[in-house]
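Summary of the model geometry
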Amino acid sequence: MPDKQHGRYACSASQPLPLDTARECFALLVTGPQPLSVDGRKYAGLPNRRIPLDELRDRMMRRRCPRRTRDEVWAHLVRQSREHGAPWTLACAGMALPALAGVARWLAARFPGDAFDLHSEVLSGFLGALTKIDVDRPRILVRLRWAAYRAGFAALSESLDAPMPVAGEFRSTPPKPPWGHPDLVLARAVRQSVLTRTEANLIGETRLEEVSIPVWADRHQMTTGATYKARRRAERRLVAFLREQAATTDPDDPVASNVAAGLAPAPSTRSTRPSRRVTTERHDDAARPRAKSDAAMSKRAAESRLLACRGSTPAPASRSSSEVPRCA
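Remember, it's a predicted structure, so these values are computed and weren't measured experimentally.

Right, let's talk about the overall build of the protein chain for a bit. Summing up its helical and strand segments, the protein chain has 15 helices and 2 strands in all. For the protein chain, with 328 residues in total, the buried portion stands at 36%. Here the analysis covers contacts within the protein chain between residues at least 6 apart in sequence; of these, 60% occur between residues at least 24 apart. Put simply, the protein chain shows about 21000 Å² of open surface, and 53% of that area lies on carbon and sulfur atoms.

The structure is reproduced here in structure tokens:
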């Protein structure tokens, strides 16, 4: 008996991590005669019965589970959390535990402080996103995971940027800007008016969240070609911004040196010889209607939805036809 009591008190003295607490609470929700469940008859690919949430989570993690079913189930879970509060909020955390545990594990391996604080930030980021995430957009769990990651990464960055104690030993620190998580780099570019919010959203969703260009273009009422061009122009400005910041980094930082080398502009192979067509079209009045038609088709025109935001995009250059046609 003393050994059992000693063991019990020893366990209670150690503070469980927040994700461990969420796991225990989720286990309580799915046990007993009436476990928290979802009606599988409403969703394609699920059994025609009520499915306990722990079984539902296992089924949704299988590769053959349709992505549309996952989004529909997660939309239902998020709405239940907003309408009914704590039980379904804990249910959402339990359903997302595999993703949250992976995020916390990766960040905790680099966190110099108490892992409890990092787990708290990851879980807080996830719970905060539950209240405002758009459930009508696809990949709900992926976006919730990114919200949890951003919150944990912010805590990690703050901890690593803190002043080192006087009595401490040397330790490594993260490199100076522009290095960092891609979301933070995009946010910094928006703050400094390098990109508009829409352009940052375009790059973030199509590069980081695996949203295809046609899907993004349809959602924002743009053509696929215009979206490709808009992303290309935005990424060129972003690279130029990063190159400018790379010039002020510590030259002795090996990480900065390697990344700066990757940002170095490639040698231009285009001919600088002026085209004969320039003189012809500038002085030929018959070519003016064609130039007007080309300007109407340009995605840099005023009706462009992406590049007209906030006026942060450089003004379109006059179409002087200084470029040689692709077929030439």
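Structure's up, so let's keep going.
This part covers the side chain of Ser37. Looking at the secondary structure, you find Ser37 in strand β1 (residues 37–39). At 3.0 Å, the side chain of Ser37 and the side chain of Arg50 are in polar contact. The contact partners of Ser37, leaving out residues within four places of it in the chain, are Arg50, Ile51, Pro52, Leu53 and Trp88.

Turning to the pattern of salt bridges, a few remarks are in order. As a working rule, side chains carrying opposite charge can pair if their charged atoms are close by. Across all of its chains, the model carries 10 salt bridges by this definition. Between Glu205 and Arg137 there is a salt bridge whose closest N-O contact spans 2.6 Å. Taken together, the positions of Glu205 in helix α10 (residues 197–208) and Arg137 in the loop between α7 (115–130) and α8 (140–161) put the pair 68 residues apart, joining distant regions of the chain. On the accessibility criterion, Arg137 (23% relative accessible area) is partly exposed. As a salt-bridge pair, Glu199 and Arg237 come within 2.6 Å of each other at their nearest N and O atoms. Pair noted here: Glu199 is in helix α10 and Arg237 is in helix α12 (residues 224–246), with a separation of 38 residues, a long-range link. Residues Glu199 and Arg237 agree in their burial class; the two are buried. Linked by salt bridges that have partners in common, Arg49, Glu55 and Arg59 make up one network.

Interaxial distance between helix α9 (residues 182–191) and α10 falls to 9 Å at its minimum, and their mutual angle equals 165°. With respect to α10, the element α9 is oriented roughly antiparallel. Judged by the twist between their axes, the crossing of α9 over α10 is right-handed. Residue-level contacts link Pro182, Asp183, Leu186 and Val190 of α9 to Arg197, Ala200, Ile203, Gly204 and Leu208 of α10. Split by residue class, the contact of α9 with α10 holds 6 nonpolar, 1 polar and 2 charged.

The next subject is a negative patch on the surface. There is a patch of like negative charges on the surface, built from Asp114, Asp117, Glu121, Glu158 and Asp161. Among the elements of the structure, α7 and α8 are those that each provide at least two residues to the negative patch. When its relative accessible area of 60% is taken as the criterion, Glu158 is described as exposed.

Turning our eyes to something else, we now look at the layout of surface pockets. Taken as a whole, the second largest pocket spans an internal volume of roughly 560 Å³. Lining the second largest pocket are 22 residues, and of these Arg150, Asp183, Ala200, Asn201 and Glu209 lie nearest its centre. Of all the secondary-structure elements, those providing two or more residues to the lining of the second largest pocket are α8, α9 and α10. In the lining of the second largest pocket, the residues fall into 11 nonpolar, 2 polar and 9 charged.

Moving on: the nonpolar core. Counting residues in hydrophobic clusters, the biggest one holds 47 residues, and the most contacted among them are Leu53, Leu56, Trp74, Leu77 and Phe126. Taken together, the elements giving at least two residues each to this core come down to α2 (18–29), α3 (53–60), α4 (67–84), α5 (86–95), α6 (97–108), α7 and α8. Among the elements that line this core, the one with the most residues is α8, at 10 residues.

Relative to the elements of secondary structure, Arg64 occurs in the loop between α3 and α4. Classification of Arg64 as exposed rests on a relative accessible area of 69%.

Before going further, it helps to spend a moment on empty space enclosed by the protein. Across all of its chains, the model carries 1 cavity of 30 Å³ or more by this definition. Surrounding the largest cavity, Arg137, Pro138, Arg139, Arg143, Glu209, Val211 and Arg219 form its lining. Its residues assigned to classes, the lining of the largest cavity shows 2 nonpolar, no polar and 5 charged.

With that settled, the discussion passes to the environment of Thr224. By the secondary structure assignment, Thr224 is in helix α12. With a relative accessible area of 33%, Thr224 lands in the partly exposed category. Each C-alpha atom, one on Thr224 and one on Ser212, is 9.9 Å from the other, the two residues being 12 residues apart in sequence. Apart from the residues within four sequence positions on either side, Thr224 is in contact with Ile213, Pro214 and Ala217.

The next point concerns α5. Along α5, the residues that are buried comprise Trp88, Ala91, Cys92, Ala93, Gly94 and Met95. Where the residues of α5 are buried, they touch α2, β1, α3, α4, α6 and α7.

What follows is about the confidence of the model for the protein chain. For the protein chain, per-residue confidence averages 75 on the pLDDT scale, and residues scoring 70 or more make up 64% of the total. Across the protein chain, the element-wise mean pLDDT spans from 34 in helix α1 (residues 2–13) up to 96 in strand β2 (residues 50–52). Under a pLDDT of 50 for its full length, residues 1–13 has, in the predicted model, 0 contacts with residues more than four places off or in other chains. In this model, residues 274–328 is a region of pLDDT below 50 whose contacts with residues beyond four sequence positions or in other chains number 46 contacts.

Basis of the calculations
- Residues numbered from 1 in each chain as written.
- Predicted model: local features only at pLDDT ≥ 70, side-chain atom pairs only at ≥ 80, totals over all residues.
- Heavy atoms only, no water.
- Helix = DSSP H or I, 4+ residues; strand = E, 2+ residues; numbered from the N terminus.
- Buried < 20%, exposed > 50% of the residue type's maximum accessible area, 1.4 Å probe, protein only.
- Contact = heavy atoms within 4.5 Å.
- Areas by Shrake-Rupley, 256 points an atom, 1.4 Å probe, with all protein chains shown as cover.
- Polar contact = N/O pair within 3.5 Å; in protein donor to acceptor, adjacent residues only side chain to side chain.
- Salt bridge = Lys/Arg side-chain N within 4 Å of Asp/Glu carboxyl O.
- Axes fitted to C-alpha atoms, helices over the stretch in contact; angles between N-to-C directions.
- Parallel < 35°, antiparallel > 145°, perpendicular 65-115°, else oblique.
- Left-handed = near helix turned anticlockwise from the far one by under 90°.
- Nonpolar A, V, L, I, M, F, W, Y, C, P; charged D, E, K, R; others polar.
- Patch = residues over 30% accessible without salt bridge, like charges linked within 9 Å, V, L, I, M, F, W, Y side chains within 5 Å.
- Lys, Arg positive; Asp, Glu negative; His and termini not counted.
- Charge placed at Lys NZ, Arg CZ, Asp CG, Glu CD.
- 1 Å grid on protein atoms, 1.4 Å probe; cavity = no way out; pocket = protein on both sides within 12 Å on 5 of 7 lines; lining within 4 Å.
- Points joined across faces, edges and corners; volume = space filled by probe spheres on them.
- Core = buried A, V, L, I, M, F, W, Y, C linked by side-chain atoms within 4.5 Å.
- pLDDT = per-residue confidence, 0-100.

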